Amino acid sequence: MHSNDIWPAPYAEHPVHGTVRVPGSKSLTNRYLVLAALADGQSVVRDPLVSRDTTLMRSALEQLGVRFTCSDDNSAWVINPPQRFLTHQKIDAGLAGTVMRFLPPLAALGSGEITFDGDKAARTRPMGPLVYALRELGVVIDSESDAEPTLPLTVRGTGSVDRHVASIDASASSQFVSALLLTAARFTQGLTLRHVGAGLPSRPHIEMTLHTLTQAGVEAAETEPGVWRVEPGPIAAFDVSVEPDLSSAAPFLALAAVTGGSITVPRWPAQTTQAGDAMRGVLTQMGANITHTADGLLITGPPRGSLRGIDINLHEVGELTPVIAALAAAATSPSRLRGVGHLRGHETDRLAALETELSRLGAQVTQHHDGLSIEPAVLHCAELKTYGDHRMAMAAAVLGAAVPGVSVIDVATTAKTYPGFADVWTALVA
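Per chain, the residues get numbers from 1 upward, laid out in the order the sequence is written. pLDDT decides what is reported in this predicted model: residues at 70 or higher carry local features, side-chain atom pairs at 80 or more are listed and counted, and totals for whole chains, interfaces and linings draw on all residues regardless. Excluded from the side-chain calculation are hydrogens and water; included are all heavy atoms of the structure.

## Some thoughts on the sheet that holds strand 20 (residues 364-368)
In spatial order, the strands read 18-19-21-20; together these four strands make up an open sheet with mixed pairing. Either end of the sheet is taken by a strand with one partner, and the two such strands are strand 18 (311-313) and strand 20. Between one strand and the next, the sheet's axes are offset by a mean angle of 10°, whatever the strand orientation. For two strands to be treated as a pair, DSSP must find at least two bridges joining them. Counting from the N terminus, the helices are DSSP H or I runs at least four residues long and the strands are E runs at least two residues long. As paired elements, strand 19 (residues 335-338) and strand 21 (residues 371-375) share three bridges and run antiparallel to each other. What sits directly across from Arg 336, in strand 21, is Ser 373. Strands in contact with helix 9 (residues 321-329) are strand 19 and strand 21; relative to strand 19, the strand with the most contacts, it is inclined by about 165°. Only heavy atoms enter the contact rule, under which two residues are in contact if any of them lie within 4.5 Å. Whenever a helix is involved, its axis is fitted only over the stretch in contact; in every case the axis is a line through C-alpha atoms, and angles between N-to-C directions fall within 0 to 180 degrees. Contacts between helix 10 (residues 350-360) and the sheet are confined to strand 20 and strand 21, with strand 20 contributing the most and set at about 165° to the helix.

This is the structure we're talking about:
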């Protein structure tokens, strides 16, 4: 997927104005696909994201016996679940956390072996908490290391999951919680799940999971802080439209902020569980103006060169950290990004990567156990690496709009969540 191609990030000589229609949410698309695979009839997912991560999820589900019928323009996917999941399959998760974590609980419902593997970088991503919780539920999972389980993993399903109480340390990723909740209604007695770790990151993603379960008629709730209950029962077939991916919209909002321009994003939801919605508050604190109009969300940036720094805890919305760090590097006062120590276990160690790449530009960056400090500095041209991480590539594009002469290695990694990102970005900035 990745390459060493070097992309000259376009510099914005003037304020950028325009409208950007961002694709559907990856997080919502893949949650709906899992639920459709478990549903009691035919479901329809409209406006899905078509990207590497969602294609990997679709391919994996097709290997397990789920049938997809797609419109010519991919604007609607009709999904028919199998009577039973196929086994003796090897699933390629790529670098998609949702695939490698959401599907092992589903695989436990099959009667046979299902192996999960992925990209080389995927083999370093944490899987232990999910493996331990599934084993507590009686699921047999083989891993090369029981001390720190990672991909590859083999789930030896027996056709059902009969135990119904488990604990999990989800301090490294909320995906571990969502993975179990999504399938739990199909467990014989449902599931009571308790978080036993330290802080729980990215809670909006758990709220998103609970909301999608409710949409499918599942009784699921957080019964007390850090404890969730999913009742056993059918998962109703559904027909749903996927919201735009608000985290993929974040770099475009940042573009308006760093250039003193204005960007409109159509179909921005009035209410949402997406973490990307937090960009509205972040940018307001940094000096931008945000309004909802008949055409969508409109951001107007402050005059160029007057962006304010920010001191903020991003524990709940860690995926926004790279773009916010890019904004902080272009700001006129210091910034402190807190609560994101868990980002060391994402597609790459995002904190180390941000410190390295922002420093290449001349930014003064200090890494802390839970985040970053960024001091104002004169930025200069540089060649930025992306580490196969779509969020790092999007952050680099923002920096390129603010600093002339920036080039980006492997901007194509944005296809994980936004196919064609570089073309859309270049047309807008130009």
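## Quick look at the pairing of strand 8 (residues 140-143)
For every residue, the accessible area obtained with a 1.4 Å probe (protein chains only) is divided by the maximum for its type, and the residue is called buried under 20%, exposed over 50%, and partly exposed between those limits. The two faces of strand 8 differ: Ile 141 and Ser 143 on one face are buried, but Val 140 and Asp 142 on the other face are not. The sheet contact formed by strand 8 and strand 9 (residues 153-156) spans four bridges and is antiparallel. Opposite Asp 142, over in strand 9, you have Thr 154 as the bridge partner.

## Considerations on the pattern of salt bridges
Just to be clear on terms, a salt bridge is a Lys or Arg side-chain nitrogen sitting within 4 Å of an Asp or Glu carboxyl oxygen. Using the criterion set out here, one finds 17 salt bridges in the structure. The salt bridge involving Arg 336 is made with Asp 370; its shortest N-O contact spans 3.1 Å. Of this pair, Arg 336 sits in strand 19 while Asp 370 is found in the loop between strand 20 and strand 21, placing the two residues 34 residues apart along the sequence. Here Arg 336 and Asp 370 have matching classes, each one buried. Put simply, Glu 357 and Arg 360 hold a salt bridge, and the shortest N to O gap is 2.7 Å. Of this pair, Glu 357 and Arg 360 both sit in helix 10, separated by three residues, roughly a single helical turn. With a relative accessible area of 4%, Glu 357 lands in the buried category. Several salt bridges share partner residues, and in doing so they unite Lys 26, Asp 53 and Lys 416 into one network.

## Concerning the sheet that holds strand 9
Taken in spatial order, the four strands of this open sheet run 6-7-9-8, and their pairing is mixed. At either end of the open sheet lies a strand with only one pairing partner, and these are strand 6 (89-92) and strand 8. With direction set aside, neighbouring strand axes in the sheet form an average angle of 20°. Note: strand 6 against strand 7 (residues 113-117), four bridges, orientation parallel. Bridged to Lys 90 within strand 7 is Thr 115. Running over the sheet, helix 3 (residues 97-107) touches strand 6, strand 7 and strand 9 and is turned about 175° from strand 7.

## Describing the packing of helix 10 against helix 11 (residues 390-402)
Packing of helix 10 against helix 11 leaves a shortest axis separation of 11 Å and a crossing angle of 25°. Regarding the angle of helix 10 to helix 11, the classification is roughly parallel. Crossing geometry of helix 10 relative to helix 11 is assigned as right-handed. From helix 10, Arg 350, Ala 353, Leu 354, Glu 357 and Leu 358 reach across to helix 11, where they touch His 390, Arg 391, Met 392 and Leu 399. Under the grouping applied here, Gly and all other residues not named as nonpolar or charged are polar, the nonpolar ones being Ala, Val, Leu, Ile, Met, Phe, Trp, Tyr, Cys and Pro and the charged ones Asp, Glu, Lys and Arg. Residues belonging to the contact of helix 10 with helix 11 are distributed by class as follows: five nonpolar, one polar and three charged. Geometric relationships in this document are graded by angle, where less than 35 degrees denotes roughly parallel, more than 145 denotes roughly antiparallel, 65 to 115 denotes roughly perpendicular, and other angles denote oblique. By definition, any crossing whose near helix is turned counterclockwise from its far helix by less than a right angle is left-handed, and any crossing with a clockwise turn is right-handed.

## Description of the packing of aromatic side chains
Put simply, two rings from Phe, Tyr or Trp (the six-membered ring, in Trp's case) pair if the centres are within 6.5 Å, and we call them stacked under 30 degrees between planes, edge-to-face over 60, tilted for the rest. Overall, the coordinates contain seven aromatic pairs when judged by the stated rule. Here Tyr 418 and Phe 421 contribute two aromatic rings whose centre-to-centre distance is 5.6 Å and whose plane-to-plane angle is 75°, an arrangement assigned as edge-to-face. Each of the two residues, Tyr 418 as well as Phe 421, counts as buried. Three or more aromatic residues link up through ring pairs in this structure, and these residues are Phe 252, Tyr 418, Phe 421 and Trp 425.

## Observations regarding the side chain of Ser 143
Tracing the chain through its elements places Ser 143 in strand 8. Identification of polar contacts relies on pairs of N or O atoms within 3.5 Å, with a donor-acceptor requirement for protein atoms, meaning one able to donate a hydrogen and the other able to accept it, and with residues adjacent in sequence counted only if both atoms are side-chain atoms. Within the structure, the side chain of Ser 143 is placed 3.0 Å from the backbone oxygen of Ser 145, a separation counted as a polar contact. Reaching out from Ser 143, the side chain makes a polar contact with the side chain of Asp 146 at a distance of 3.1 Å. Discounting residues that sit within four places of it in the chain, Ser 143 has contacts with Arg 135, Pro 149, Pro 152 and Leu 153.

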